[in-house]
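Summary of structural features
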Amino acid sequence: MRAAVMHETGKPLVIEELDVESPHAGEVVVRLAASGVCRSDLHVIEGESPVATPPMVLGHEGAGLVEEVGEGVRGVSVGDAVVVALYGPCGSCDDCRSGDITNCWSETRTHNMYGRMADGTTRLSLDGAVITPMVGSGSLAELSVVRESQLVKIDRDIPLDLACLAGCGVTTGIGAALNIAQVKPGATVAVIGCGGVGLNVVQGARIAGAARIIACDTQAVKLDLASDLGATECLHVSQGTELAPAIRELAPGGVDYAFEVIGSTEVLAQAFEATRPGGTTVMVGAPPPSATITIASRTLFSDRRLLGCLGGQNIPARDIPRIMRLYQQGALNLEKLVSQKLPLERVNEAFAALQDGELARSVVEP
Ligand SMILES: [Zn+2]
Ligand SMILES: [Zn+2]
């Protein structure tokens with residue numbers, strides 16, 4: 001099967017013909033119909049991601065149809081439509097059994113994070129050499145072999161080129177607003193960075209009933225999208241703009257919630273400064289792992305909260321069906337998130353577009 005492989009960081013992906021092993025017990029082969037291209041994929045290419053384990057198949061935002069199931073798989077059958085979730089919890093550790101599956105760091109989950117099955121192996125190879133799928137998904141490919149726990153079945157009538165976005169961008173953005181910040185009705189919210197994830201923070205804040213949603217970005221085209229998806233005000237910023245004073249000019253006293261969705265520690269500090277006493281800031285973007293956040297100590301003497309966010313604290317089996325229901329009811333717009341669709345062989349164009357920063361999401365159709 002064909003897949004977009006990163007042989008080394010900093011280099012374009014190469015479309016390779018990989019060998020795929022049959023699924024072992026508890027594993028499922030998915031024929032991917034669509035995969036979103038996320039900033040985390042770009043972080044891997046740029047060598048700034050801890051999950052980079054080249055040679056690897058990139059992609060972690062896929063949807064498709066079940067092609068084959070291994071022994072003991074009960075939850076999905078051949079022909080079912082599925083979304084490949086961002087992670088596959090082990091299901092048996094104390095965290096999983098208490099429902100706190102995002103904090104499952106069992107050996108199984110750790111292997112999953114680095115693209116390996118529970119036994120530390122992978123099902124993909126190239127001329128006999130092991131290939132790892134990114135976070136166990138590797139969705140920029142024709143096929144993905146995943147553990148059943150990483151799949152969520154969806155209605156067959158939901159277009160797969162939209163459903164794939166629930167793998168990462170939509171669940172992360174919606175989850176940041178609903179699960180992590182728990183935005184309250186009537187609140188004032190600032191969303192800094194309106195790409196594929198930030199636009200979903202905007203949608204999540206709107207669904208939560210926020211009264212004011214201030215979208216901030218350097219690109220007018222993204223602010224237009226943010227307006228369409230629920231932002232009530234737009235702040236067009238340039239590189240040197242001091243964000244906190246600019247936001248406070250619109251919301252004197254500060255905002256109730258600020259979301260940093262870029263991955264810059266400087267912007268995160270500005271987001272924190274923009275909140276009112278008692279306000280909440282969520283770091284949704286992923287700064288380089290070694291980066292340090294500097295915030296003025298005086299701003300903490302006011303019950304402000306700074307929260308982390310890993311995948312929007314989403315529980316795939318709960319949150320992906322919720323996202324699909326919101327889409328079916330018309331409360332969540334997925335169509336506007338897709339800026340362009342490309343065949344697998346043009347995958348590097350999707351990364352170039354992501355670097356230019358003018359698109360919400362590129363979707364690759366393997
Ligand atoms: Zn992602
Ligand atoms: Zn677990």
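Here we summarise the structure given alongside this text. On a predicted model such as this, the values are computed, not experimentally measured, just so you know.

**Digging into the overall build of the protein**
Of regular secondary structure, the protein possesses 11 helices and 19 strands. On C-alpha atoms alone, the protein measures out to a radius of gyration of 20 Å, which is about the 21 Å that the 2.2 N^0.38 rule sets for 366 residues. Principal-axis analysis of the C-alpha atoms places the extent of the protein at approximately 60 × 40 × 40 Å. Taken over 366 residues, the protein has a buried fraction of 57%. When contacts within the protein are restricted to residue pairs at least 6 apart in sequence, long-range pairs at least 24 apart make up 70% of them. Taking the 28 positively charged and 43 negatively charged side chains of the protein as two groups, their mean positions are separated by 7 Å.

**Describing the coordination of the zinc ion (ligand 2)**
Taken together, Cys 90 (SG), Cys 93 (SG), Cys 96 (SG) and Cys 104 (SG) make up the full set of protein donors to the zinc ion (ligand 2), lying 2.3 to 2.4 Å away. Considering all four donor atoms around the zinc ion (ligand 2), angles at the metal cover 104 to 113° and the coordination shape is tetrahedral. Sequence spacing of the donor residues for the zinc ion (ligand 2), all on one chain, is C-x2-C-x2-C-x7-C. Of the two residues, Cys 90 and Cys 96, neither departs from the other in class, the shared state being buried.

**Regarding the coordination of the zinc ion (ligand 1)**
Protein coordination at the zinc ion (ligand 1): the donors are Cys 38 (SG), His 60 (NE2) and Cys 168 (SG), at 2.1 to 2.2 Å from the metal. Mapped onto the sequence, the residues coordinating the zinc ion (ligand 1) show the spacing C-x21-H-x107-C. With Cys 38 in the loop between β4 (27-37) and α1 (39-45) and Cys 168 in the loop between α4 (160-163) and α5 (169-181), the pair connects residues that are 130 residues apart, well separated along the chain. One exposure class covers both Cys 38 and Cys 168, and it is buried.

**Quick notes on unusual backbone geometry**
In this chain, Pro 54 is followed by Pro 55 through a cis amide linkage whose omega measures 0°. Here Pro 55 shows up in the loop between α1 and β5 (56-57). The phi torsion at Val 135 lies on the positive side, around 40°, for a residue other than glycine. You can see Val 135 is positioned in the loop between β9 (129-133) and β10 (143-147). Residue classification places Val 135 among the buried residues on the basis of a relative accessible area of 8%. The phi angle at Asp 303 is positive, at roughly 60°, despite the residue not being glycine. Following the sequence through the fold, Asp 303 ends up in the loop between β16 (275-283) and β17 (305-308). Residue class for Asp 303 comes out exposed when judged on its relative accessible area of 65%.

Reading guide: rules and limits
Residues numbered from 1 in each chain as written. Chains lettered and ligands numbered in written order. Predicted model: local features only at pLDDT ≥ 70, side-chain atom pairs only at ≥ 80, totals over all residues. Heavy atoms only, no water. Helix = DSSP H or I, 4+ residues; strand = E, 2+ residues; numbered from the N terminus. Rg over C-alpha atoms; globule rule 2.2 N^0.38 Å. Buried < 20%, exposed > 50% of the residue type's maximum accessible area, 1.4 Å probe, protein only. Contact = heavy atoms within 4.5 Å. Lys, Arg positive; Asp, Glu negative; His and termini not counted. Charge placed at Lys NZ, Arg CZ, Asp CG, Glu CD. Donors = N, O, S within 2.8 Å, 3.2 Å for Na, K, Ca; no water. Tetrahedral: all angles 85-135°; square planar, octahedral: opposite > 155°, others 65-115°.

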